[in-house]
Every structure is written in structure tokens, then in C-alpha cells.
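# Structure assessment
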Amino acid sequence: MDNSPIRTFNQVWEYNDYLGLPTPHKQVCVIDLSQLKPTRHERYMFGFYILFLKEVKCGELLYGRQTYDYQEGTVVAVAPGQTVGTADTGEVYQPKGWALAFHPDLIHGTPLGRAMKEYSYFSYESNEALHLSEDERNIVIACLQKIKAETEAPADRHTRKIINVNIETLLDYCLRFYERQFVTRAPVNHDFLIRFENLLEEYYASEKARKDGLPTVKYFADKLCLSSNYFGDLVKKETGRTAREHIQQKLIDVAKERVLDPAQNISSVAYELGFQYPQHFTRLFKKVTGYTPQQYRQGS
């Protein structure tokens, strides 16, 4: 277990103070990491959104048995309350890349604030980072430079809106690049889908549903060593259906088989499938099939 201390920063200006940087805008900043002094690896928890563009070579990064060939930079997006970083080994390194930090107060009540749930990659794990081509990296840096210039200019009544619009543009580009990454990683993603289907089969072939209840997206994401958001986005991108819809469809397929078994009553089927109350099973079955379990049995 990693017991190294975690530094907590609730405000953007606190993070700037720690880095020894000026704070032209208290709620948002763009940092050129190469301008920082050499530092040690540490772990941080932020009370604001932060997006890192790390200048690293990713060519040898493994995904299963395959390598990824984009080598220009890696984007990691962190939501408020998440912990990032690595254990402090005492080694000193020179940071390289960029960081964008912005506080939730900056976007409250704005179109960006209302759209933040669309950027699910803020809840991805660091090993699910976005790997950029050179052209994509240049676009990201151009967006960051526009935000930086606006934060350092004299503030007026347009400042907040312009900053928000530019942040939203950057996040939209990252969304586009992630969709490209899902496509370029299609063989690996297909392997995850096969493993997901196998796990679904195993769940209902065993006594796990009766013992542990209905399976969740998080259960399968954990089994595949993925974050729930990344797993959900992967399934949706590959199949057009959500992971929850896949789980529900498998449940109904199994339910149809068991409902037609005359040796079982409807309540026992519900309990075997993981439902705590049979009426919840009946309600879902009718919603999906158009029939109650009893009607489905009688009409077969």
C-alpha cells in the first residue's frame, strides 16, 4: 500500500503559490511545466479540474499485447476530488508539458458548466489517457495559449465568457481525439468486449446473481481493470449501446429461458437473477418485452 503523503490544493491560486508562479486569475491558469524548477514525484488532490499535457514518449506503451504508436504527448484529465501523481521515490525530474487548471466556480451557471458531464474522460484512470498525434498536440497547445493569453490580459466584462468558450473548445477537441483513439484501438477494444460478454455469461451461469444481486457496470469495469466511465464509453463507441443496456439485455435473455421452465415460479426466477423484490423483476421484464413474465410463459 502506498502511504506517501498527498498534497491537497482546493484553489487554483494555492497550486500556483506552491509552484512559485504568479496568479493573474484566481480561478484559472495555464502552466508551462518546462518553466518549473526540477521537482520530485508526489501525489496531489485537487479541488478543481486540471488537464495535463505531458510531453512524454509513448511509443512503447503497451495495451494488452500491442503498442500504441503516437509519441508526441499524453493528456490526463482530472476532476475535483481525484488523487493523481506517483509515490515520492526521492528522485528529481524536470517537468515538461502544459497544465490547465480551472475551478468549478468559473463555470457554474455557464453553458460549459452544464455540459461538463459530457466530458466523461475526467473520470478515466491515468492508464486510460489520451495519446496525441503531432497535429493533435499542436491544436491542444494552441487552445492552451489562447486561454493563457486571456487570463493574463486586463479583465473586462467579456473575460469570463471568452475563457469559458476557449476551455470548452479545448475539451471538445479532446473529446474528438478520444473518439479517434477508440477507433485506432479497435482490436484491443474488441478483446475487452469479448471478455465482457464472457464475464456476463459467467455471472448468470453461477450463483453470483442470487448471492450478490444484479450486476453493475462498475463490477465489470473493475474485472477488466478499467474505470466505469472509460468502460462505458468504450462499449457505447463499439456497439452503439450502453454497458447498462448490454447487461439488461443479457438479464432478459436469461430470464426468458428461466421463465419458460415450468418447474420454477416467477418469484424464484426473480431471486435467482438477483432481484430483491419479484415485482421489480416483473416491471423490468414487461418494460423490455411488452409482457409480464406470466404472460410470456402462457403465450409461448
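Residues numbered from 1 in each chain as written. Predicted model: local features only at pLDDT ≥ 70, side-chain atom pairs only at ≥ 80, totals over all residues. Heavy atoms only, no water.

### Examining the sheet that holds strand β5 (residues 49-54)
Formally: Here, strands pair whenever DSSP counts at least two bridges between them. A run of H or I in DSSP counts as a helix once it spans at least four residues, and a run of E counts as a strand once it spans at least two, with each numbered from the N terminus. As a rule, the C-alpha atoms of each element are fitted with a line to give its axis, helices using only the stretch in contact, and angles between N-to-C directions run from 0 to 180 degrees. Any two residues whose heavy atoms approach within 4.5 Å are treated as being in contact.
Here 5 strands make up an open sheet; going across it, the order is β2-β11-β5-β8-β12 and the pairing antiparallel. The two strands at the open ends of the sheet, each matched to only one other strand, are β2 (28-32) and β12 (130-132). Ignoring strand direction, the axes of neighbouring strands in this sheet form an average angle of 15 degrees. Relative to strand β8 (residues 73-78), β5 is paired through 5 bridges, and the arrangement is antiparallel. Within β8, the residue paired with L51 across the bridge is A77. Against the sheet, helix α5 (residues 159-184) contacts β2, β5, β8, β11 (97-102) and β12, and its axis sits at roughly 90 degrees relative to β12.

### Considerations on the side chain of H131
Rule in force here: For the exposure calls, accessible area comes from a 1.4 Å probe over protein chains only, and a residue counts as buried if that area is under 20% of its type's maximum, exposed if over 50%, partly exposed in between. N or O atoms within 3.5 Å of each other form a polar contact, as long as, within protein, one can give a hydrogen and the other can take it, and as long as residues adjacent in sequence are counted only when both atoms are side-chain atoms.
With respect to the helices and strands, H131 occurs in strand β12. Judged by relative accessible area, which is 3%, H131 ranks as buried. In terms of polar contacts, H131 uses its side chain to reach the side chain of T74, at 3.2 Å.

### Remarks on helix α12 (residues 278-289)
We count it as follows: One fewer than the residue count of a helix, multiplied by 1.5 Å, yields its expected span. In this description, the arc belongs to the directions extending from the helix axis to the C-beta atoms.
If you check α12, its first and last C-alpha atoms are 16 Å apart, about what 12 residues at 1.5 Å a residue would give, namely 16 Å. When we look at burial in α12, the residues that qualify are P278, F281, L284, F285 and T289. The buried side chains of α12 occupy one side of the element, clustering within an arc of 125 degrees when seen end-on. Turned more than 90 degrees away from the buried face of α12 sit R283 and K287, all of them exposed. Contacts from the buried residues of α12 go to α10 (243-259), α11 (266-272) and α13 (293-299). Immediately beyond the C-terminal end of α12, within one or two residues, lies G290, with a positive phi of roughly 90 degrees.

### Some points on the sheet that holds strand β9 (residues 83-85)
Read across the sheet, 3 strands follow the order β1-β4-β9 without closing on themselves; strand pairing throughout is mixed. Whereas interior strands pair on both sides, the edge strands pair on one side only; in this sheet they are β1 (6-9) and β9. Between one strand axis and the next, the sheet turns through 30 degrees on average, direction left out of account. One ladder, built from 4 bridges, connects β1 with strand β4 (residues 43-46); its direction is parallel. Looking at β4, one finds that F9 is bridged to F46.

### Looking at the packing of α5 against helix α9 (residues 228-239)
Heads up, the rule is: When describing relative orientation, an angle under 35 degrees is termed roughly parallel and one over 145 degrees roughly antiparallel, while 65 to 115 degrees is termed roughly perpendicular and anything else oblique. The crossing is said to be left-handed when, going from far helix to near helix, the turn is anticlockwise and less than a right angle, and right-handed when the turn is clockwise. Note on residue classes: Ala, Val, Leu, Ile, Met, Phe, Trp, Tyr, Cys and Pro are nonpolar, Asp, Glu, Lys and Arg are charged, and everything else, Gly too, is polar.
As a packed pair, α5 and α9 sit with axes 11 Å apart at the nearest point and diverge in direction by 70 degrees. Relative to α9, α5 is oriented roughly perpendicular. In the packing of α5 onto α9, the handedness of the crossing is right-handed. For the pair α5 and α9, the contacting residues are Y178, E179 and F182 in the first and Y230, D233, L234, K237 and E238 in the second. Residues belonging to the contact of α5 with α9 are distributed by class as follows: 4 nonpolar, no polar and 4 charged.

### Overview of the confidence of the model for the chain
Quick reminder of the rule: Confidence scores here are pLDDT values: one per residue, from the predictor, ranging 0 to 100.
Summarising the model, the chain shows a mean pLDDT of 88, and 92% of its residues fall at 70 or more. When mean pLDDT is taken per element in the chain, helix α2 (residues 104-107) scores highest with 97 and strand β6 (residues 62-63) scores lowest with 36. In the model, residues 57-71 has pLDDT below 50 throughout and makes 35 contacts with residues more than four positions away in sequence or in other chains.

### Points about the nonpolar core
We count it as follows: Put simply, a nonpolar core is a bunch of buried Ala, Val, Leu, Ile, Met, Phe, Trp, Tyr and Cys residues held in one set by side-chain atoms that sit within 4.5 Å of each other.
Membership of the largest hydrophobic core comes to 51 residues, with the highest contact counts inside it found for L100, F102, F122, I167 and L171. Per-element accounting of this core gives the leading share, 8 residues, to α5. If sequence neighbours within four positions are ignored, L100 has contacts with V28, C29, V30, Y49, I50, L51, L144, I147, I167 and L170. If you look at the next biggest cluster of nonpolar residues, it comprises 18 residues, including Y15, F48, V84 and A101.

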